[in-house]
Each structure stands twice: as structure tokens, then as C-alpha cells.
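So you can see what is in the structure, the chains are spelled out below.
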Amino acid sequence: MKYTQHVLALSAATAIALTAQPAAAQTALKFAHVYESSEPYHTCAVEASDKLKAATEDRYSFEVFPASSLGKEVDINEGLGLGTVDVIYTGQLFAGRAYGPIAIGGAPYMFRDYDHWDKFRNSDLFEELAAGYNEATGNHVVATTYYGQRHVTANKPINTPADMEGMKIRVPNAPLYMMFPKAVNANPTPIAFAEVYLALQQGTVDGQENPLPTIQAKKFHEVQSDISLTAHINDALLTIVGGPTWDQMEEADRTALTEVLKETAECATTQVRENEAKLAEWFREQGVNVHEVDITPFREATMKLHNGPDATWDQETYDRLQAIK
């Protein structure tokens, strides 16, 4: 009798455990990036976790890891295929290491203005580039977030290309970021994002280039006296879901994830644009010298390199992008 009761008790416990399992099986997707926790990329991603829970009936949520806490940008890109991260923000030029043509959107002076960029990200051309990246890597580009216009900071004004000659300028560790410095005879120096402040402070490099919201968030203005508005890249971040993660999800959950990540991209894009519009004045109030620059000579010098040896796209792709109105 005691034995029978013991077996029944075990069976009941097993049944309860099995019944409880779905509630305990929520998957927290690791969402990694290299930006500060104060920036819209991060805050919008954190807010998206509850939206993902609701859209997937509590099957999925996000755990967001800012400020290179799961690795530098190269590391988190590699992590997608390994399954060590599930979702990342990354620059187009980092994605371009795996599939060259998708880097075209991150090349200097590739776009006329924000509107040109916005139309490109919603174009058939961009869809084709994303599909090519997927075929090359197994990973999925699901959204694009505006990162801002990149400008040069230094301890002197940069008014003409000649002012950058011989200057050691930090760039991200992706080859195409070197196109603009090369065009103006500067010396591009790749340094990981997390190490830039110290490199500027110690004089390892003479300057760096980033959008105004990033310069503020990373406090580069504390160690650089001048910001010159070269607007050399209308930059963007790709939101990418790793192949291993995508492949194990049900179709309905993939659709929900994609929609939530697109909303997250719009959340950050709106805030970045608002911040960008008011930051030049904010920097001036902090005592930073902010210089309006005639970008024409910078653009002309750079466009000569657009289809040169560093290009990772073909002429047809370039012509289609330039034809977007």
C-alpha cells in the first residue's frame, strides 16, 4: 500500500511539473550592442521586451546587454552564428565583412541627405541586399535604425580637407570607415568603441568621428575641444537576428519578433533625430567649439573613391542607390 501511494505521489508530482513547464519555458533573447544604456538604442530595446512578451503570449522576451558587455562589435557579430547572442545592433560596415554589398549604406557621402537614406532603407534595393546577407550568413536583417550624421571631433577646427592631412583619426574596425580619412589624406586608426575615450585623452589619436548624440553619450567632448560638422556619413544600425535563433522559432513568433524590432527601430530613430537637431547648440553651451563646414570639397574628394578598390559593391548597385529619389 505504501509503495502504491509513493508511486501515485511521484506520478502526481511529475504531472504537476509537466503542467508547469510551459510557464517556465519563456526564452529571454540576448540582445547585445556596444552603445551606452542612456542612448535610445538601448532604452527602446528595453521597452520592447514587454511588447515581445505580449506579442508572443509570454514565449519570448529580451534581455538587453549594452556597452560591449557581451563583447566588441566584431565579437557580437560572430556570436550571432554561434548562438551566443540572439539579436544585435551593428553598423552596416560590420555586416559588410560577411556580405560586402550591404556595406554600401555606410560609405561616406553615399547619401544626399536623410530623406535619401530613408527612401533607401525602404527600397527594393535594400531588401535585395538584406536577402543577400541572409544567404551569405544565415542571419536575418529585420530593421534599420538611424544612427545620425557622423562628424569629426579634434582639438582644432576642421574646415577643409587640408586640415585633416596627416591627422590620426580613430575609426571603427571595419575597412570602409577608412574611405573618408584616406580621401582627405588623414591616417585612419581602428580602435574598439569602448577604448576611444581613453585613446583621445592620452593622445593616441588626434580625433574621432561620430554623430552628435554618440559624442554626447560617450562624453568625447570632455577630451576634444572642437566638433566640425562634416556630415560625412548618414549612418544607420542594422538590427540582426541570428540564424540559430530564427530557425528554432515558430513562424508566428518570427513575425511578432520582426514587428517588435521594427517598432524599436522607429522608436530610436525618432529620438536620435530629435536629439541631433538640438545638440549643436547644447555643445556650444558646454564651451565646445562647433564649426559649420562647407562639405563640398570633402564630398568631392570622397566620391572619387566610391567605386575604387575599397568598394564592396558593384557599379549597378551604386547606380541604383544614387537613382533613388
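Residues numbered from 1 in each chain as written. Predicted model: local features only at pLDDT ≥ 70, side-chain atom pairs only at ≥ 80, totals over all residues. Heavy atoms only, no water.

Side note on the overall build of the protein
Here's step 1: Check the secondary structure of the protein and you find 13 helices and nine strands.
Here's step 2: Along the longest, intermediate and shortest principal axes, the C-alpha atoms of the protein span 95 × 45 × 30 Å.
Here's step 3: Expressed as a percentage of its 325 residues, the buried residues of the protein come to 54%.
Here's step 4: For the protein, restricting intrachain contacts to residue pairs at least 6 apart in sequence, the fraction spanning at least 24 positions comes to 75%.
Here's step 5: If you sum the accessible surface of the protein, you get close to 14,400 Å²; carbon and sulfur atoms cover 51% of it.
Here's step 6: Counting 26 positive and 44 negative side-chain charges, the protein places the averaged centre of each group 2 Å from the other. (Helix = DSSP H or I, 4+ residues; strand = E, 2+ residues; numbered from the N terminus. Buried < 20%, exposed > 50% of the residue type's maximum accessible area, 1.4 Å probe, protein only. Contact = heavy atoms within 4.5 Å. Areas by Shrake-Rupley, 256 points an atom, 1.4 Å probe, with all protein chains shown as cover. Lys, Arg positive; Asp, Glu negative; His and termini not counted. Charge placed at Lys NZ, Arg CZ, Asp CG, Glu CD.)

Observations concerning helix α12 (residues 296–303)
Here's step 1: Every buried residue of α12 is listed here: F298, R299, A301 and T302. Buried positions in α12, seen along its axis, are confined to an arc of 165° and lie on one side of it.
Here's step 2: Residues of α12 that are buried sit in contact with α7 (179–183) and β8 (226–241). (Arc of directions from axis to C-beta.)

With respect to helix α2 (residues 40–55)
Here's step 1: For α2, which comprises 16 residues, the first-to-last C-alpha distance of 22 Å matches the rise-based estimate of 22 Å (1.5 Å per residue) to within 8%.
Here's step 2: S49 marks the point of greatest bend in α2, at about 30°.
Here's step 3: For α2, the complete set of buried residues consists of P40, Y41, H42, C44, A45, A48, S49 and L52.
Here's step 4: On its buried face, α2 sits against β1 (27–32), β2 (60–65), β3 (87–91), β4 (140–154), β8 and α11 (251–285).
Here's step 5: Phi turns positive one or two residues past the end of α2, at E57, with a value near 50°. (Expected span 1.5 Å × (residues − 1). Bend = angle between axes of the 7 residues up to and from the residue.)

Quick look at the layout of surface pockets
Here's step 1: Approximately 420 Å³ is the volume found for the largest pocket.
Here's step 2: Every residue lining the largest pocket is counted, 18 residues in all, and those nearest its centre are F126, V141, V142, A143 and K262.
Here's step 3: Mapped by element, the contributors of at least two residues to the lining of the largest pocket are α6 (124–137), β4 and α11.
Here's step 4: The volume enclosed by the second largest pocket comes to roughly 220 Å³.
Here's step 5: Lining the second largest pocket are 21 residues, with E73, F94, R170, P172 and F193 positioned closest to its centre.
Here's step 6: Of all the secondary structure elements, the ones that give two or more residues to the lining of the second largest pocket are α3 (73–82), β4 and β8.
Here's step 7: Across the lining of the second largest pocket, the residue classes break down as twelve nonpolar, four polar and five charged. (1 Å grid on protein atoms, 1.4 Å probe; cavity = no way out; pocket = protein on both sides within 12 Å on 5 of 7 lines; lining within 4 Å. Points joined across faces, edges and corners; volume = space filled by probe spheres on them. Nonpolar A, V, L, I, M, F, W, Y, C, P; charged D, E, K, R; others polar.)

What to know about empty space enclosed by the protein
Here's step 1: Evaluation of the coordinates by the stated rule reveals one cavity of 30 Å³ or more.
Here's step 2: Estimates place the volume of the largest cavity at around 40 Å³.
Here's step 3: For the lining of the largest cavity, the class distribution of residues is seven nonpolar, one polar and one charged.

Section: unusual backbone geometry
Here's step 1: In the Ramachandran plot, E57 falls in the positive-phi region, its phi being about 50° despite a non-glycine side chain.
Here's step 2: Topologically, E57 is positioned in the loop between α2 and β2.
Here's step 3: Given a relative accessible area of 63%, E57 falls into the exposed group.
Here's step 4: Despite not being glycine, N185 shows a phi value in the positive range, around 60°.
Here's step 5: Assignment of secondary structure puts N185 in the loop between α7 and β6 (187–190).

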